[in-house]
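Next come the chains, spelled out residue by residue.
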Amino acid sequence: MDKANEHLDEKFLKPYDPTATEDEIYKLWEESGFFNPDECIKAGVTDKDAEKFSIVLPPPNVTGTLHIGHAVMLAIEDIIVRYHRMKGKRTLWVPGTDHAAIATQSKVEKILEKEKIRKQDLGREEFIKKVSQFAQESHDTIINQTKKMGSSLDWSREAFTLDKTREVAVRTAFKKMYDDGLIYRGDRIVNWDPKGQTTISDDEIVRKEEKGKFYYLKYGPFVIGTARPETKFGDKYVVMHPEDKRYAEYKDGQTIELEWINGPITATIIKDESVDMEFGTGVMTITPWHDSTDFEIAERHNLDKEQIIDKYGKLLPIAGEFAGMKIREAREKIIEKLAQKGLVEKTDENYVHNIATAERTEAVIEPQIMRQWFIDVNRKFKIKNSKLKGIKNEQEVSLKELMQHVVRSNQINIVPDRFEKTYFQWIDNLRDWCISRQIWYGHQIPVWYKENEIYVGVEAPTESGWTQDEDTLDTWFSSGLWTFSTLGWPEETNDFKNYHPTDLLETGYDILFFWVARMILMSTYLVGDIPFKSVYLHGLVRDEKGRKMSKSLGNIIDPLEVSEKYGADAVRLSLIIGVGPGSDSNMSENKIKAYKKFANKLWNISRFVIENTSDIEYTKDFSAYSPADKTIIDSQKEILKEVTEDIENYRLYLAGEKLYHYVWHEFADIILEESKNIFEKGTSEEIISRKNLLLNSLTNILKALHPFTPFVTEEIWQSLPQNKEKNILMVEKWPIV
RNA sequence: GGGCGAUUAGCUCAGUUGGCUAGAGCAACCCGUUUACACCGGGUAGGUCGGGGGUUCGAAUCCCUCAUCGCCCACCA
């Protein structure tokens, strides 16, 4: 090696090797303690009175491993967090995982199924042990993977939605809502999943198009249409619109005798405005136990409700000779019988309609009337401790109104803003939230019964004779508390006082309703404040042809695998650049490869600068720049200013692209190339000026790129001869104010 | 039924508030390896910015309309 370059680390003579350095660098950060804002203050890298920036990690489900969607989330959040940390803010990013009740339980059930074990064989306690064990293993994998992506999370504050602290939060929340009359137990129509044997919320339903038959049946003097003859056994009400002239001769409450599936019955005429006169014959019979529209009609007119189908999707004795049959097989047979009796008017063979299925089990939902726990979203209550703008303390509001108000009044800002429309549309149609689940894994409902008494509390009653409600809570109940339960609420902890409300919530647009809306509900109600100021929504990562990644297509890109191959920095850049907020992106290995080259380019740029500046002292505020170099500095400042603005406005894709372009096609291709000329032919003033320019530019570039490509920039920073104290780039100051 | 988005080079996509000859990566073709980098440099080719209409001094960008594709929501029996 050249004597003048003896300070150049030998590793610069080889291409940049991410696998050899990334783990070491992460360790360096972790051991510095600087992921934790308290440590930053202690070490004097952050001012104790500095502005705070806080964000919670959307907790990944402990159902297995991280996928590319998680990688996008981690990349975006880490960029923003590192940026704010370098801006000198007290920056906190709280990690955690989600127990994901139904998802995790059914995953374990599937594993047990292979060993021919049913959860009933194990019993509740044993089964939960198995699930917890699985959850722990998933957790460990996930944490490890999260670190590989370079995420600068404060691990000392890690939380789990099902741990002890969060249980206190959940129970406190439940009790408060119960006491305020916002949680009630009622016999209401719910979405029953016959396969999963549990209720699910409206949002866990996936509608699938199905082509089936639509039957027109003679019902006394009427003709009724149905796709589900198997529910018709108990139908003894026939409903029509009060203004339908075709049926003017029939009066509300009038009874008629008619022949039906299993013999003669008495039917009652009901007039209700919810009937669509245009649809079919304008007449329908109702099945209040198994249809929510029918249920509401029955409620309005105070009608009887009868159960026809049991929890397993089989017909009950009311079906007479069909009792015990599965609905699918019964359907054809019932039609056969009706046809024999001459009651089938006609059949439409190509009837296309949407059927409701359960997201997890894919089973067809059977609405049932069941005793379940609900959150009332319309009931008015007096809000306590309101810190919300436009909502006074003790003002009467409903949960729905709170959810609408904070977004409408811009206290919460959604990026991209077109999702605000989607948000309002969802809330406007929001019905009471069914929060009880008939599964074992999760927060058991904090309600105890003793004969006719009921007790709701954070702790179980101490006297004997009380039994706890068997059901568990919808997993989104606990994740709805996430922004403050992670900070120690309901205790008035320092973290809670210092870091809530959080500044940003970054997540996929697919859980806007599930999660974002629920956090807004919980936080405004329980804390009297918004959970976060901004919501940034990212899209889905698809394969290079724009298809969803799936096991069956074999097009899954495993973020860990490509990180090992090309480096986490390259993966991060490829997930960021060219992807605007809220839009889906296409990912390919080629794209990642291109950014791996970028990391290497930066590596070699650094080598060139270090080699050529070994003979000058590093001067931060060198002032004797040549006119040409002054121009370069100005344009560089301009770029950095734009990049800063882009990051502030969550345009990471632009910020990343600008830096990429500047570093490669401006700094390397033009500035470095012309420097060679200057070093050969320039005056000594020009040479000194240019050397200082290169050194100062490199430090600025490394700083500005650090949020995007933290590993390679830190690795170079650690090897800079000027960094004699081995300071850590992660906590250096951002190059532009 | 209601709402939202997309349509730009062979492929995958940028183009932030309307403004310099519309860009990037990959692919193709040509030239180049004397000391930062072949995980490289220089260059070439390739686009009537989905169709049509409008606003404007000026439109890929704003408005209207049509077409195709995609997504979300919804209790039409």
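How each quantity is defined
- Along each chain, numbering runs from 1 in the same order as the chain's sequence is written.
- Numbering of ligands from 1 and lettering of chains from A proceed in the order in which they are written.
- Given that this is a predicted model, residues contribute local features only at a pLDDT of at least 70 and side-chain atom pairs are listed and counted only at 80 or more, while totals for whole chains, interfaces and linings are drawn from all residues.
- Computation of side-chain values: all heavy atoms of the structure, hydrogens and water removed.
- One speaks of a salt bridge when a side-chain nitrogen belonging to Lys or Arg is within 4 Å of a carboxyl oxygen belonging to Asp or Glu.
- Accessible area is worked out with a 1.4 Å probe on protein chains only. A residue is then buried under 20% of its type maximum, exposed over 50%, and partly exposed in between.
- Like charges within 9 Å and nonpolar side chains (Val, Leu, Ile, Met, Phe, Trp, Tyr) within 5 Å are joined into patches, using only residues over 30% in relative accessible area that form no salt bridge.
- We get accessible surface area from the Shrake-Rupley algorithm with a probe of 1.4 Å; when it comes to residues, only the shown protein chains can shield them.
- Think of it this way: Lys and Arg go in the positive column, Asp and Glu in the negative one, and His and the chain ends go nowhere.
- Note on charges: their place is set at NZ of Lys, CZ of Arg, CG of Asp or CD of Glu.
- Helix and strand labels come from DSSP, where a helix needs a run of H or I of at least four residues and a strand needs a run of E of at least two; each type is numbered from the N terminus.
- The axes used here are C-alpha line fits, helices contributing only the stretch in contact, and every angle between their N-to-C directions lies in the interval 0 to 180 degrees.
- For this classification, under 35 degrees means roughly parallel, over 145 means roughly antiparallel, 65 to 115 means roughly perpendicular, and everything else is oblique.
- Crossing handedness is read from the near helix: turned anticlockwise from the far helix by less than a right angle, it gives a left-handed crossing, and turned clockwise, a right-handed one.
- Throughout, a residue-residue contact means that at least one pair of heavy atoms, one from each residue, lies within 4.5 Å.

Counting across every chain of the model gives 54 salt bridges. For D543, the salt bridge goes to R547, with nearest N and O atoms at 2.8 Å. Accessibility expressed as a relative area gives 35% for R547, which makes it partly exposed. Put simply, D646 and R651 hold a salt bridge, and the shortest N to O gap is 3.0 Å. Judged by relative accessible area, which is 3%, D646 ranks as buried.

Attention shifts here to a positive patch on the surface. A surface patch of like charges, here positive, comprises K107, K110, K114, K195 and K551. When you line up the elements, K551 lands in the loop between β26 (541-542) and α16 (559-566). For K551, a relative accessible area of 75% gives the class exposed.

In this section: the packing of helix α19 (residues 627-648) against helix α20 (residues 652-681). At a closest axis distance of 8 Å, the pairing of α19 and α20 adopts a crossing angle of 165°. Classed by the angle they form, the pair α19 and α20 counts as roughly antiparallel. Judged by the twist between their axes, the crossing of α19 over α20 is left-handed. Counted together, I632, Q636, I639, L640, E642, V643, D646 and I647 of α19 and L652, L654, A655, K658, L659, Y662, I671 and E674 of α20 form the full contact between these two elements.

Among the secondary structure elements, D471 is positioned in the loop between β22 (467-468) and β23 (472-473). The side chain of D471 sits in the buried core without any salt bridge; R124 is the nearest counter-charge, 6.5 Å away. Discounting chain neighbours no more than four positions away, the residues touching D471 are Q372, S436, R437, Q438, H443, Q444 and I445.

These figures come from the coordinates and say nothing about function on their own.
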